[in-house]
Amino acid sequence: MLNVRNFTLMKIFIKKKGFNFMAIKYKWLSGRLREWIVQAARKGINKLPSEQELCQRYQVSRQTVRLALSVLENEGLIEKRKGSGSYITGLSADSAKNCIPVLLSDDSEYIYPGILDDIRSVFSQNGLTLQTYITANSVSKEREILKKLLKTPPRGIIVEGCKSALPNPNLSCYRQLKKRGCTVLFLHNYYPGLEDCLYVKDDNAAGSTLLIDHLVNQGHTSIGGIFKSDDMQGIERFQGFMSELYRRDFYLPDERVAWYDSRDLDRLQRFQDTNFLKKIVQESLNSCTAVVCYNDMIAYFLIKELTLAGYHLPQEMAITAFDNTYLSRSGIFSITTLAHRAHEMGTTAAQMMLARLKGLPASSVEIPWILMPKESTLLK
């Protein structure tokens, strides 16, 4: 790397050879500042030193500094604010580095298209693009994608973790990416074994509390639950469910809590195989008057199984869920569910990534739920 001493020697050499040094020194400085910007953003520094400080640090004139800063501004690396100084934009001079990979379990249905649209919207307004990679909630597929990204590490990635309630064997890949300057931001969940990573996720325990409170206000005391066993969201929703029922001193036998996993979900989505829900109706909900479902999809298919089992709905079984998707509004009646403010999840994740690329501080966020009462929890 060319330091100030070497720069001085180079200046003497060029002068002796008869070259026009004035024509190249601002280019040298702009190159040095590009390197500085990369390191500064990683250290959480967003503002460039003042023009006077740059003159002193690099032993150049004010004119040279201004020319170098103009080069960086034209490249989109900095923005000048009148009376304030120059700030990092979060962009790279290498356009390929302005593409941020987004790893999701799916991109074609349920909540994912909306989240991707919101991330894309924030990115496009700030000169970034995204590339979507689909993991199908598969740890092996996730590893394959990470190995590919490690060949040319991006400046940041947004990741929905795979089977996040289980130990993950891919943490070494994430650590390598971080070591090479990549910001890792998790969406919906995170890996507890991975240190110092940002996340944007649901406040799941508080969401379960909202649903229990609503059901109790409707007069229910025998409440069951259906949760996903291999994702962090399912564990947290279960914890909130149990904590609130215990806080109210309600009786809750273990059999009222039912579990399913990613394999059950895959068969449900691909083949509409509801055998696991049929078993839950028979074994876990037979003494319940209400149920908290992991999400709208489970609630939607549960309604069909309850109807086949002879239940009169919603009179004989109040149904609640998470996510407020189109599935909560289809079928026999609309489902009481939990929602976020419109565009909140994807927009928050994109803004957090952008802040880190700019060298601005960012902290992990748990987004609160909002109760959306509907027909499935009519008064008894």
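Quick notes on the rules
Residues numbered from 1 in each chain as written. Predicted model: local features only at pLDDT ≥ 70, side-chain atom pairs only at ≥ 80, totals over all residues. Heavy atoms only, no water. Helix = DSSP H or I, 4+ residues; strand = E, 2+ residues; numbered from the N terminus. Buried < 20%, exposed > 50% of the residue type's maximum accessible area, 1.4 Å probe, protein only. Phe/Tyr/Trp six-rings, centres within 6.5 Å; stacked < 30°, edge-to-face > 60°. Lys NZ or Arg CZ within 6 Å of the ring centre and 35° of its normal. Pairing = 2+ DSSP bridges. Right-handed = clockwise from strand over helix to strand, strands pointing away. Expected span 1.5 Å × (residues − 1).

Trainee: Please explain unusual backbone geometry as it appears in this structure.
Mentor: Outside of glycine, negative phi angles account for most residues, and trans bonds account for most peptide bonds. Going from Leu 313 to Pro 314, the amide bond is cis rather than trans, its omega being 5°. Tracing the sequence through the fold places Pro 314 in the loop between helix H12 (296-308) and strand S11 (318-322). Backbone geometry places Asp 196, a non-glycine residue, at a positive phi of 60°. Mapped onto the fold, Asp 196 is located in the loop between strand S6 (183-187) and strand S7 (198-202). With relative accessibility at 73%, the residue Asp 196 sits in the exposed group. Backbone geometry at Asp 323 places phi at a positive 115°, although glycine is not the residue there. If you trace the backbone, Asp 323 turns up in the loop between S11 and strand S12 (336-339).

Trainee: When you look at the packing of aromatic side chains in this model, what are you seeing that I'm missing?
Mentor: Centre-to-centre distance and the angle between the planes together describe a pair of aromatic rings. A full pass over the atoms with the stated rule returns 13 aromatic pairs. Ring centres of Phe 322 and Trp 369 lie 5.4 Å apart, and the angle between their planes is 80°; this geometry places the pair in the edge-to-face category. Of this pair, Phe 322 sits in strand S11 while Trp 369 sits in the loop between strand S13 (365-367) and strand S14 (370-372), placing them 47 residues apart in sequence. What links up through ring pairs into an aromatic cluster is the set Phe 227, Phe 238, Phe 241 and Trp 259. One residue, Arg 81, lies across the ring of Tyr 87, its end atom 3.8 Å from the ring centre.

Trainee: How should the pairing of strand S5 (residues 156-159) be read in this particular structure?
Mentor: Looking down a regular strand, the side chains alternate between one sheet face and the other. Alternating positions in S5 separate into two faces, Gly 156 and Ile 158 on one and Ile 157 and Val 159 on the other, with burial throughout. Alignment of strand S3 (residues 99-104) against S5, held across two bridges, turns out to be parallel. Paired with Val 102 across the strands is Ile 158, a residue of S5. Where the polypeptide runs from S5 across helix H7 (residues 171-179) and back to S6, its parallel neighbour, the crossover connection is right-handed.

Trainee: Looking at this structure, I do not really get helix H9 (residues 232-247). What am I missing?
Mentor: Because an α-helix packs 3.6 residues into every turn, residues spaced three or four apart end up facing the same way. With 16 residues, H9 should reach 22 Å at 1.5 Å per residue; the first-to-last C-alpha distance of 22 Å fits that figure. Along H9, the residues that are buried comprise Met 232, Gln 233, Gly 234, Glu 236, Arg 237, Gly 240, Phe 241, Met 242, Glu 244 and Leu 245. One or two steps after H9, the chain reaches Asp 249, where phi turns positive at roughly 60°.

Without other data, these values stay purely geometric and don't point to any function.
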